[in-house]
Amino acid sequence: PAGFWSQVGAVMLILLSLLLVVSWFGVGGPVLQWIDMATVKTIGYTAYALPILLIYLAVETFRAAENQLPAEVQFAAILAIVWFSGLFGLMKTASHPNSGGFVGDILNTATLKMVDSAIAVIIYLVLAFIFIYCVRTISKKINNRYRDDSRNIIILSEFCDLDTIGELPNNY
């Protein structure tokens, strides 16, 4: 069936989300503890928002036409994680060295050379919410485009010029 592997991937995202939440409580064994440590060291406190994002992406995968999320949605989700890692990385202290993870550290190394931390907070928040808005908007457009079969002619007209169907090119 169309989108079978995308459905499998979406189920795996939900499973990963549940495992991430379980790992926060220090239960589940050494593999989950390692996953928690690796996630926090990579993206910092953004690891606590990651299950929400992964479940959202899984649900949107099931709702999308042929269970295929556009690459733009996936890319925007990754960038939102990066921006939030940078935002949390600004809260780095000696007692909380992994607040942004190394992703946030790399981003903040470049950003704080150009602007003050207060301006960086504003930039990160604006960029993160722009990308979250993009994920929502693209997902809605894709879902609405394929939901109503009575709009097939309108959808077809968006992708090709209906006036030229059946006409031969000039060089024939």
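Scroll up a little and you will see the structure.
Cut-offs used in this document
- Residues numbered from 1 in each chain as written.
- Predicted model: local features only at pLDDT ≥ 70, side-chain atom pairs only at ≥ 80, totals over all residues.
- Heavy atoms only, no water.
- Helix = DSSP H or I, 4+ residues; strand = E, 2+ residues; numbered from the N terminus.
- Buried < 20%, exposed > 50% of the residue type's maximum accessible area, 1.4 Å probe, protein only.
- Contact = heavy atoms within 4.5 Å.
- Areas by Shrake-Rupley, 256 points an atom, 1.4 Å probe, with all protein chains shown as cover.
- Polar contact = N/O pair within 3.5 Å; in protein donor to acceptor, adjacent residues only side chain to side chain.
- Salt bridge = Lys/Arg side-chain N within 4 Å of Asp/Glu carboxyl O.

On a plain count of helices and strands, the protein chain comes out with seven helices and zero strands. Secondary structure elements in the protein chain, listed N-terminal to C-terminal, are α-α-α-α-α-α-α. The buried share of the protein chain, taken over its 172 residues, is 31%. Pairs at least 24 residues apart make up 66% of the contacts formed inside the protein chain by residues separated by at least 6 positions. With the model as given, the accessible surface of the protein chain reaches about 10,900 Å², and the carbon-plus-sulfur share is 69%.

Mapping N108 onto the fold places it in helix α5 (residues 101–114). A polar atom in the side chain of N108 sits 3.1 Å from the backbone oxygen of G86.

What follows covers the pattern of salt bridges. All chains considered together, the criterion is met by two salt bridges. Between R63 and E60 there is a salt bridge, and its shortest N-O distance comes to 3.0 Å. One end of the pair, R63, and the other, E60, are both in helix α3 (residues 50–63), three residues apart, so they sit about a helical turn from each other. In this structure, D105 and K92 form a salt bridge, with 3.3 Å as the shortest nitrogen-oxygen distance.

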